[in-house]
Amino acid sequence: MTTAKPRFGTLWVVLLAFALVGFGSFFFPAFIIRPFTHQSPRGLYWAMAVRQRAPIISLMCAIACLLLVMLLWQISDKWRKGALSAVMLLVTTAAVMSRLNYFEWMFHPVDAAQFEAESSSKLDAKEMILAVRYGDDARAYPISQMAYHHILNDVVGGVPIAVTY
Amino acid sequence: MNGRALHFYLAGINNQNFLMRDKETGTWWQQITGKAVYGPLKGTALDLVPYDELTFGEWKSEVSNGRVLAPVPKYVKEYDSNWEPEVAKLPVVISFPGTELKSRDVVLGLQLGDASRAYPWESLAKQSPVIDHVNGRPLLIAVGPDGKSFRAFVSQIDGKDAEFFLKGDEGTSSVTASSDPKVAPASANADPKKPGQPEAKPSPSAKPWTLLDTTTASEWNFQGCAISGASQGKCLERVPALKDYWFDWRNYHPDTTIYKR
């Protein structure tokens, strides 16, 4: 058993390393790409690079952590079990958050755009709209709505467009 | 992109201009430029679709059987028609000290080839229609009869440079203050120190908004088409114009000039 101790110590170090990478893959891009702060070109590049890969990185790290926690669980006292649980919670949260788009919690997307005839719209004549027309297909996107949703995917006169504000 | 339809979702923010990703490839795109900034399609750019920024009233008068994006009932309480004063108060994260405009000044941005120019909205609203040259191209920039809608055109009729002025403004140059009653409040706002300044208002009765050109003496509507005179039936070539905050326009157009007059 005397030789086992350093081995388990190493396992703890590996566990924490995986936990750090797994959580960082979520946290680093979320921290860089946050509103009301300056984004430097380099910071943004790395944030996008990490965010692009975060779903797979955070999942692999969570699996690795789970295996290590299972190895360490039996030989850990209740304090260490608490720490192991906390680590698992952290990497699981990161793996889940990397698969969710919290920007769309703030600004919900339009899942299925509905249109109404201009004559039945209750929009005030003074309201601003974005207008797109292809042939006979003329559409108005009220800015009051677009300023909230920000993006709308649509097809106008057969042309796929993304309306943004 | 390359014949494949992409669907976009909000993915982040880059100095207050948003980033979107497409569901098909996961590529990151910058809103203002439509350029792919990271991911499999990096280096490509989306085509800008011809579009207008108009009041609903102006749009209704121009189209028939138009369709309007319906509010999503769940989110109606999130919509805010009066968002502009709120957003104007928000902090900015990039600024360009030493330029003549303030970060949240609203400009109309025009890009012609490599050259770009920002037109301060307050000046435009007062002076519309504005005749200008960018990159050797003669331009006509007009704020509509409602004082809010705007359009930009190449100021040429049959390839020849043309000048335009607002009908009813005869005797004044095309770049002096408009006498359109609906534009007057905007110009009053431009000088908040003199709230009691009398406004030069003609009769409040709605006169049709019409431009006259000095070359063919034809009448032109806000869509840029001649409705009477020798040019009747002709339409001016459109130029894309983006209404934006100065800091955002300047950030993506570092060589932009500012319209002054």
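No experiment lies behind these values; they were computed from the predicted model shown.

### Some remarks on the pairing of strand β1 (residues 8-14) of chain B
All names here are of chain B.
Here is step 1: Counting buried residues along β1, 5 of its 7 residues qualify, which places the element largely inside the surrounding structure.
Here is step 2: Two elements, β1 and strand β2 (residues 17-22), share 6 bridges in a ladder whose sense is antiparallel. In the strand pairing of β2, Tyr9 is matched with Arg21.
Here is step 3: Turn length for the β1-β2 hairpin, with the two strands adjacent in sequence and antiparallel, is 2 residues, and the turn residue Asn15 shows positive phi of about 50°.

### Remarks on the interface of chain B and chain A
Here is step 1: If you look at the interface, chain B gives 45 residues, while chain A gives 53 residues.
Here is step 2: The leading source of residues in the side of chain B that touches chain A is β1(B), at 7 residues.
Here is step 3: Counted by class, the side of chain B that touches chain A contains 27 nonpolar, 11 polar and 7 charged residues.
Here is step 4: Two strands pair when backbone bridges link them, and strand β1 (residues 115-117) of chain A and strand β6 (residues 67-69) of chain B are joined in this way by 3 bridges, in the antiparallel orientation. Across the sheet, residue A:Ala117 finds its bridge partner in β6(B), namely B:Arg67.

### Observations regarding unusual backbone geometry
Here is step 1: In the segment running from B:Ser128 into B:Pro129, the intervening peptide bond is cis, with an omega of 0°.
Here is step 2: Along the polypeptide, B:Pro129 turns up in the loop between α3 (121-127) and β9 (130-134).
Here is step 3: We note that A:His150 has phi near 70°; this positive angle belongs to a residue other than glycine.
Here is step 4: Turning to its location among the elements, A:His150 is positioned in the loop between α5 (143-149) and β4 (151-156).

### Some points on the sheet that holds strand β20 (residues 257-258) of chain B
Residues and elements named next belong to chain B.
Here is step 1: The sheet built from 4 strands is open, its strands ordered β19-β7-β8-β20 with mixed pairing. Both outer strands of the open sheet, β19 (241-245) and β20, are each paired with one neighbouring strand and no more.
Here is step 2: As paired strands, strand β7 (residues 106-112) and β19 are joined by 5 bridges and run antiparallel to one another. Looking at the pairing, Gly109 lines up with Leu242 of β19.

### Section: helix α2 (residues 41-73) of chain A
Here is step 1: Taking the largest bend as the criterion, α2(A) deviates by roughly 60°, centred on A:Ala54, and proline A:Pro55 comes between one and four positions later.
Here is step 2: Regarding α2(A), the residues found buried are A:Leu44, A:Ala47, A:Met48, A:Arg51, A:Ala54, A:Ser58, A:Cys61, A:Ala62, A:Cys65, A:Leu68 and A:Val69.

### Re helix α3 (residues 78-97) of chain A
All names here are of chain A.
Here is step 1: In this model α3 runs 28 Å from its N-terminal to its C-terminal C-alpha over 20 residues, within 8% of the 28 Å that 1.5 Å per residue would give.
Here is step 2: Within α3, burial applies to Val87, Val91, Ala94 and Ala95. Each buried residue of α3 lies within a common arc of 100° when the element is viewed along its axis, so the set occupies one face. Away from its buried face, by an angle of more than 90 degrees, α3 presents the exposed residues Lys78, Trp79, Gly82, Ser85, Ala86 and Leu89.

### Considering the nonpolar core
Here is step 1: Core analysis: the biggest nonpolar cluster contains 37 residues, and A:Ile129, A:Leu130, A:Ala140, A:Tyr141 and B:Met20 have the highest contact counts within it.
Here is step 2: Counting residues per element, this core draws most heavily on strand β2 (residues 128-134) of chain A, at 5 residues.
Here is step 3: The residues that make up this core include at least three from each of domain 1 (4-100) and domain 2 (118-164) of chain A.
Here is step 4: In this structure B:Met20 touches A:Ile151, B:Phe8, B:Tyr9, B:Leu10, B:Ala11, B:Trp29 and B:Gln31, once residues within four positions along its chain are discounted.
Here is step 5: Ranked by size, the runner-up nonpolar core spans 36 residues in total, among them B:Ala118, B:Phe150, B:Phe164 and B:Tyr259.

### Overview of the sheet that holds strand β14 (residues 164-166) of chain B
Here is step 1: Spatial strand order, β14-β15-β16-β17 (chain B): 4 strands in an open sheet with antiparallel pairing. Every other strand in the sheet has two partners, leaving β14 and β17 (226-228) of chain B as the edge strands with one partner each.

### With respect to the confidence of the model for chain B
All names here are of chain B.
Here is step 1: Looking at chain B, the pLDDT average stands at 86 and 85% of residues meet or exceed 70.
Here is step 2: Confidence over residues 171-205 falls short of pLDDT 50; this stretch has 47 contacts with residues more than four positions distant or in other chains.
Here is step 3: The ipTM, which scores confidence in the relative placement of chains, is 0.88 for this predicted complex, and the corresponding pTM is 0.83.

### Things to note about the packing of α2(A) against α3(A)
All names here are of chain A.
Here is step 1: Contact pair α2 / α3: the axes reach a minimum separation of 9 Å and the direction vectors enclose 165°. Looking at the two axes, α2 sits roughly antiparallel to α3. Note on packing geometry: the crossing formed by α2 with α3 is left-handed. Of the residues in α3, those touching α2 at Ser58, Leu59, Cys61, Ala62, Cys65, Leu66, Val69, Leu72 and Trp73 are Lys81, Leu84, Val87, Met88, Val91, Thr92, Ala94 and Ala95.

What counts and what doesn't
- Residues numbered from 1 in each chain as written.
- Chains lettered and ligands numbered in written order.
- Predicted model: local features only at pLDDT ≥ 70, side-chain atom pairs only at ≥ 80, totals over all residues.
- Buried ≥ 20, exposed ≤ 12 C-beta atoms within 10 Å, placed from the backbone.
- Helix = DSSP H or I, 4+ residues; strand = E, 2+ residues; numbered from the N terminus.
- Pairing = 2+ DSSP bridges.
- Contact = placed C-beta atoms within 7 Å.
- Nonpolar A, V, L, I, M, F, W, Y, C, P; charged D, E, K, R; others polar.
- Bend = angle between axes of the 7 residues up to and from the residue.
- Expected span 1.5 Å × (residues − 1).
- Arc of directions from axis to C-beta.
- Core = buried A, V, L, I, M, F, W, Y, C linked by C-beta atoms within 7 Å.
- Domains from an automatic or database assignment.
- pLDDT = per-residue confidence, 0-100.
- Axes fitted to C-alpha atoms, helices over the stretch in contact; angles between N-to-C directions.
- Parallel < 35°, antiparallel > 145°, perpendicular 65-115°, else oblique.
- Left-handed = near helix turned anticlockwise from the far one by under 90°.

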